[in-house]
There are 2 protein chains.
Amino acid sequence: MLNFHVMKEGKPTTIKEIAKRLKISPSTVSRALNGHPSIGLVTTMRVKQVAEELNYEPNQTAIFFKQRKTFTIGVVLPRLSEPFFAEAISEIENVANERKYTVIMGQSLDDQDRERRILQTLKTHRVDGLLMSIGKNTHDYSFVEWLESANIPVVFFDCVPDVDHTYQVVSDLTAGMFEAIDLFVSCGHRAISLINGPVKRPESRERETAYRKGLERQGISFEQAYVVHTDLTQQGNEAAIAQLLTLPDRPSAVVSFNDYVTLDVMKAVRQRGLTLNQDIHFISYANYPLWKYMENPPMASIEQFPGKQGKKAAELLFELMEAKDKPQPSKTVFKSRLIHQNS
Amino acid sequence: MLNFHVMKEGKPTTIKEIAKRLKISPSTVSRALNGHPSIGLVTTMRVKQVAEELNYEPNQTAIFFKQRKTFTIGVVLPRLSEPFFAEAISEIENVANERKYTVIMGQSLDDQDRERRILQTLKTHRVDGLLMSIGKNTHDYSFVEWLESANIPVVFFDCVPDVDHTYQVVSDLTAGMFEAIDLFVSCGHRAISLINGPVKRPESRERETAYRKGLERQGISFEQAYVVHTDLTQQGNEAAIAQLLTLPDRPSAVVSFNDYVTLDVMKAVRQRGLTLNQDIHFISYANYPLWKYMENPPMASIEQFPGKQGKKAAELLFELMEAKDKPQPSKTVFKSRLIHQNS
DNA sequence: CTGTTAGCGCCTTCAC
DNA sequence: GTGAAGGCGCTAACAG
C-alpha cells in the first residue's frame, strides 16, 4: 500500500533545497534522483535519503515545460452516457494508466463547434496524443490537417472521418450483419427487414450494403420496402416500425440500427399487442449490457467490442507517440460478432 | 465556427519571434497580448496583428509552470461504466468546460491501492482541484489529510468519506425510502422487505435506518427477517431474494439496494415462476435509464440525480479554488425523489 | 564522477 | 509607454 506523507510546510521542496542541504549542486541531485549511472552510489543514496526526508516531489509542470511533453492524452467522443463510449474510455484509461499517462476527456455532444472547441483546449493543454471518435454532425474534416500540422498524433476510433492517411480503429459491421441474417434464415425467416439510420451516415450505407449482400448470400431477393430509415429520435424509431408493420407481408425479423432504436421499436411492437420473439424477432447492433435482464430481449446482438476498440486505439496511439518515424497510416478493423442472448 | 489555421512550420511561434519582427521587447509583446493597459493602442494592434499572422499560440505548459496552475481538475470515481458516474462526470465536464478547465479522470475500480495511485498521479499532474467519489473498499481515509497538506481542494460526491471538515455533495436516501414505503403502503402492502447492501457500508446503514423509520411512520412493526443483505455480486443478490422467498409470510413488496441488485433479483423472481408487479413488487435506488423500456419495470425508482450532484460538486469546487479564504466545510444534500415508472 | 552554465517560454518587478 | 533583467524548477551540454 502506498504511503502518504503529510507535509507541514506549504512550499514544496525543490531540487535546490536538497542540493543546499547536501552542499552539492542541483544537477547532481537531479541526476541522482533520475538514477543517472554516472553518479556515485553513496551520493545517490544520500540524495534519495534527503529527498525522502524533505518529502520531495518533482514539479511536473516544470518537467512538462522543459521536456515539451505532458504525459497526457486527450480523448474526444460524443457522449459518455452512451455505454459504448463509457466502456471504450474505460479501457483507454487503463492503457494510459499503465503507462503513467493521464487522460483528459471532452464530450462533443455531437456538436461540431463544441468538438472544435474541445480540440482547441486539448491542443492548448499540449496533450501528447489524441483519441477521437467524431460526432454525428461533423462533416468538416479540416481539423485533421490542423492537428497534423500541430504535430499531435491522432487515432480515430469507432466513428472515423473519411480522410486518407489517418490511423483508424473501427468495427466491421458487415460480418455481424451476415451472421444475423444467417441466424434469421436458419430459424426459418424470409421476410427480413432493416431499420436503418439516417441515409447520409456512412454506417447506414455500410449496413444497407451488408444487408443486401447478406440476403443475396441466402438467395433472398432484396425488396426496397423492407428497408426503412429513422432519424434516431424516438418519434423516428416509432415511425419506422409503424411503416414496417403496415406492409402487406409483414416482416417477421428485423435488424435494427442500434440498441436504442431497438428499445423504442420493441416497446412500440408490444404496445400494438404483438408478441416479441414470436410475432416478430429482432437483432440489433451494440449489445446493450442490460439485454440479459430483459424478459424478451432481441434474439441476438451484433457486438462491436467498445472495450477492445478503445484498448487497441490507445495502444496504437502510444506506438505512434513513441515511434521515431511514424508507421504507415493504418486501419484496424475488428470484425463484429453476433452474440446470442441466453435469457 | 472556429477557424483552424494550418501552420507549415513545426516550431510553434513564441513571444520572442513576434518581438523580433516588430523590433520591440518580448515584455511588450507579452503585455500587449494580455491586454495590459499601459501599452499603446497602436503597439497592441500591431502585436496582435503579427501574432495572428504567425499563428501564435501561447505555450500553456510554460504558463502553467509559471503560474503554478494547470487549469485542470481531477475526477476520481469507481467506474465509468456505471451510468450514475457517466452521467455525473458528464455534467462535471460541462461545468469545467465552461470555465476553460479540462478534466482528468481516473477509475479506482473500487480498488483502494489503485485509488491511491490515481491520487498520486493527479497530484503529480498538479491538478488545481479534485472531485472524488470513493471506492467501496476504501476504509483508510488518510489521503484526505494528505490532499489537504498538498493544498489541493477536494469536493467529495456521492460516496463520501466519513471525515469531518470536508466538502461533500450527497443525496439523502431517506426521503426516497419514505416515499417508497408510503407508496407501497398506499397500494395495500404490509409485508415490505429490504434487500440491503453490505453491512459495513454507510449507505446500507442509512437505508436500514430510513427503512425502519419509514415503517414506523406507517405504523408497521419492524421485523428482522425482512431485511437481508447482499454483497452485491450476482450470487449474493440471488441468495438474498431466495432467502426472502422462503419466508413463511413472503413479502409482497421489496425495496432493494440499487438497480443492479434489482435486475438480478427480478430475474430470479421470474425464473421461479412468480409474476413481477403482481406477486411481488419492487422499488430500487438509482433509476437505471432503461427501466422505461422494460415490460415489467420496478414500480418506481428512487432517483439520486447524478447529474445534479456532479454539477453541484463541480461548482462548489470552483468556488473553493477561486476563494481567497476557504468557506466553511459543507455538506450539500440532495433529497432523493421517487420517480414513478410509466411503462 | 561532479559542478557550472545556460535556457525552456513566459511574466513581472524595476527601471527609464 | 517601453525595455532590461531575473526567475519559476528542472535538465543537459560542456567542462573539468
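Residues numbered from 1 in each chain as written. Chains lettered and ligands numbered in written order. Predicted model: local features only at pLDDT ≥ 70, side-chain atom pairs only at ≥ 80, totals over all residues. Heavy atoms only, no water.

Draft legend 1. Highlighting the pattern of salt bridges. Residues and elements named next belong to chain A. Applying the stated criterion to the full structure yields 22 salt bridges over all chains. Residue Arg79 pairs with Asp110 through a salt bridge whose shortest N-O separation is 3.5 Å. With Arg79 in the loop between β1 (72-77) and α5 (83-98) and Asp110 in the loop between β2 (102-107) and α6 (112-124), this pair connects stretches of sequence that are 31 residues apart. Its relative accessible area of 26% is what places Arg79 among the partly exposed residues. Judged by its relative accessible area of 9%, Asp110 falls in the buried class. (Salt bridge = Lys/Arg side-chain N within 4 Å of Asp/Glu carboxyl O. Helix = DSSP H or I, 4+ residues; strand = E, 2+ residues; numbered from the N terminus. Buried < 20%, exposed > 50% of the residue type's maximum accessible area, 1.4 Å probe, protein only.)

Draft legend 2. Quick peek at the packing of aromatic side chains. All names here are of chain B. Following the criterion strictly, the structure yields 13 aromatic pairs over all chains and no others. Its guanidinium or amino end placed over the ring of Phe318, Arg99 lies 4.9 Å from that ring's centre, counting from NZ or CZ. Above the ring of Phe305, the side-chain terminus of Lys308 is found at 4.6 Å from the ring centroid. (Phe/Tyr/Trp six-rings, centres within 6.5 Å; stacked < 30°, edge-to-face > 60°. Lys NZ or Arg CZ within 6 Å of the ring centre and 35° of its normal.)

Draft legend 3. A look at the relation of the copies chain B and chain A. The two copies are related by a screw motion: chain B maps onto chain A through a turn of 180° and a shift of 0.1 Å along the axis, at an RMSD of 0.3 Å. Such a turn and shift between the copies fits a two-fold axis. Distance from the rotation axis, computed per C-alpha, reaches its smallest value in chain B at Ile104 of chain B: 2.3 Å. Both copies present the same face, since 98% of the interface residues in chain B are matched by interface residues at the equivalent positions in chain A. (Least-squares fit on C-alpha atoms with pLDDT ≥ 70 in both. Contact = heavy atoms within 4.5 Å.)

Draft legend 4. Representation of the side chain of Thr61 of chain A within the structure. Tracing the backbone shows Thr61 of chain A in helix α4 (residues 60-67). A polar contact of 2.5 Å, which involves the side chain of Thr61 of chain A, links it to the side chain of Asn59 of chain A. Every residue in contact with Thr61 of chain A, bar those within four places of it in the chain, is listed here: Thr61, Phe65, Thr70 and Arg126 of chain B. (Polar contact = N/O pair within 3.5 Å; in protein donor to acceptor, adjacent residues only side chain to side chain.)

Draft legend 5. Just the protein's contact with DNA strand D, in detail. Every one of the 26 residues lining DNA strand D counts as a neighbour, but Ile15 and Tyr56 of chain A together with Thr28, Lys66 and Arg68 of chain B are closest to it. Restricting the count to atoms of DNA strand D within 4 Å of the protein gives a sugar and phosphate share of 63%. At 2.7 Å, a side-chain N or O of Arg31 of chain B approaches a base nitrogen of DNA strand D. Of all the secondary-structure elements, those providing two or more residues to the surface near DNA strand D are α1 (15-22), α2 (26-33) and α4 of chain A together with α2 (26-33) and α4 (60-67) of chain B. Looking at which element gives the most residues to the surface near DNA strand D, the answer is α4 of chain A, with 4 residues. The residue inventory of the surface near DNA strand D, partitioned by class, reads 8 nonpolar, 12 polar and 6 charged. (Near = heavy atom within 4 Å. Nonpolar A, V, L, I, M, F, W, Y, C, P; charged D, E, K, R; others polar.)

Draft legend 6. Representation of helix α8 (residues 173-186) of chain A within the structure. All names here are of chain A. The first and last C-alpha atoms of α8 sit 20 Å apart over 14 residues, in line with the 20 Å expected at 1.5 Å per residue. Extensive coverage of α8 is indicated by the burial of 10 of its 14 residues. The set of residues buried in α8 consists of Leu173, Ala175, Gly176, Met177, Phe178, Ala180, Ile181, Leu183, Phe184 and Val185. Where α8 ends, the next residue or the one after it, Gly188, has phi of about 95°, a positive value. (Expected span 1.5 Å × (residues − 1).)

Draft legend 7. Up close: the interface of chain B and chain A. At the interface, 65 residues of chain B touch 65 residues of chain A. Of the roughly 6400 Å² buried between chain B and chain A on both sides combined, carbon and sulfur atoms contribute 58%. For the pair chain B and chain A, the number of links is 4 salt bridges. Of the charged contacts in the structure, one is a salt bridge between Lys123 of chain A and Glu57 of chain B, with a shortest N-O distance of 2.3 Å. Secondary structure elements with two or more residues in the side of chain B that touches chain A: α4, α5 (83-98), β2 (102-107), α6 (112-124), α7 (142-149) and α11 (259-271) of chain B. Across 2 bridges, the pairing between β2 of chain A and β2 of chain B is antiparallel. Bridging from a neighbouring strand, Ile104 of chain A pairs with Ile104 of chain B of β2 of chain B. (Buried area = accessible area lost by both parts, 1.4 Å probe. Pairing = 2+ DSSP bridges.)

Scope: geometric values only; no functional claims are made or implied.
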